[in-house]
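Observations on the model geometry
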Amino acid sequence: MARYQFIVLSRAKPGREEEFIAWYRDQHLVDVSKQPGVVSARLYRTDYQKVYTLDAPQWALLTIYELESDDPQATVEAIRAKSGLPEMPETEALDKDGMIIVVGHQIGEVA
């Protein structure tokens, strides 16, 4: 099976940042990590961003999951389908406007 990086840029609703980060760190990251095809998960708080458009959203968190799958899109869609269900509850502090989800694989490396 191939390995892929599943990257998510997300943010909280204004005024609910700490609630959002605690939910993501303590619950959501663990829930996603239990899903078939997810090998590892790392969560980063973004410290600096430069967005090259006006009025672009600023993201609070960057998550990198490693997937092992022959069909990474199906793996991500399965995770998304479970989001908000009892086995993977969402927080109302999550702001999905402007959320970015990207899946890709390595095509080069600098030694």
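We now turn to the structure provided with this report.

Procedures and definitions
- Residues numbered from 1 in each chain as written.
- Predicted model: local features only at pLDDT ≥ 70, side-chain atom pairs only at ≥ 80, totals over all residues.
- Heavy atoms only, no water.
- Core = buried A, V, L, I, M, F, W, Y, C linked by side-chain atoms within 4.5 Å.
- Buried < 20%, exposed > 50% of the residue type's maximum accessible area, 1.4 Å probe, protein only.
- Helix = DSSP H or I, 4+ residues; strand = E, 2+ residues; numbered from the N terminus.
- Phe/Tyr/Trp six-rings, centres within 6.5 Å; stacked < 30°, edge-to-face > 60°.
- Lys NZ or Arg CZ within 6 Å of the ring centre and 35° of its normal.
- Pairing = 2+ DSSP bridges.
- Axes fitted to C-alpha atoms, helices over the stretch in contact; angles between N-to-C directions.
- Contact = heavy atoms within 4.5 Å.
- Salt bridge = Lys/Arg side-chain N within 4 Å of Asp/Glu carboxyl O.
- Arc of directions from axis to C-beta.

This brings us to the nonpolar core. Counting residues in hydrophobic clusters, the biggest one holds 19 residues, and the most contacted among them are Phe6, Phe20, Tyr24, Tyr65 and Leu67. Elements with a minimum of two residues in this core: strand 1 (2-12), helix 1 (17-33), strand 3 (61-69) and helix 2 (72-82). Here this core takes six residues from helix 1, the largest share from any one element.

For the structure shown, the criterion picks out four aromatic pairs. Pairing Phe20 with Tyr24 gives two aromatic rings, centres 5.7 Å apart and planes at 85°, and the pair type is edge-to-face. One end of the pair, Phe20, and the other, Tyr24, are both in helix 1, four residues apart, so they sit about a helical turn from each other. One aromatic cluster is present, built from ring pairs that chain together Phe20, Trp23 and Tyr24. The lysine or arginine in question, Lys50, covers the ring of Tyr52, its NZ or CZ lying 5.5 Å from the ring centre.

Turning to the sheet that holds strand 4 (residues 94-104), a few remarks are in order. Spatially, the four strands line up as an open sheet ordered 2-3-1-4, and their pairing is antiparallel. Bordering the open sheet on either side are strand 2 (38-45) and strand 4, each of which pairs with just one other strand. The average undirected angle you get between the axes of adjacent strands in this sheet is 15°. Those strands touched by helix 2 are strand 1, strand 2, strand 3 and strand 4, and its axis lies near 125° from that of strand 3.

Once their charged atoms are close, side chains differing in charge can pair, the charge on each being opposite to the other. Following the criterion strictly, the structure yields seven salt bridges and no others. Across the pair Glu66 and Arg3 runs a salt bridge, and its minimum N-O distance is 3.0 Å. Within this pair, whereas Glu66 is found in strand 3, its partner Arg3 is found in strand 1, the two being separated by 63 residues in sequence. Its relative accessible area of 41% is what places Arg3 among the partly exposed residues. For Arg25, the salt bridge identified is with Asp26, shortest N-O distance 3.0 Å. Within the structure, one salt-bridge network assembled from shared partners comprises Arg3, Glu66 and Glu68.

For helix 2, every residue scored as buried is listed here: Pro72, Thr75, Val76 and Ile79. The arc enclosing the buried residues of helix 2, seen along the axis, measures out at 95°, which places them on a common side. Relative to its buried face, helix 2 has exposed residues pointing more than 90 degrees away, namely Gln73 and Ala81. Against the buried residues of helix 2 lie strand 1, helix 1, strand 2, strand 3 and strand 4. Looking one or two residues past helix 2, Gly84 carries a phi angle of roughly 95°, positive in sign.

Interpretation in functional terms is not warranted from these geometric data alone.
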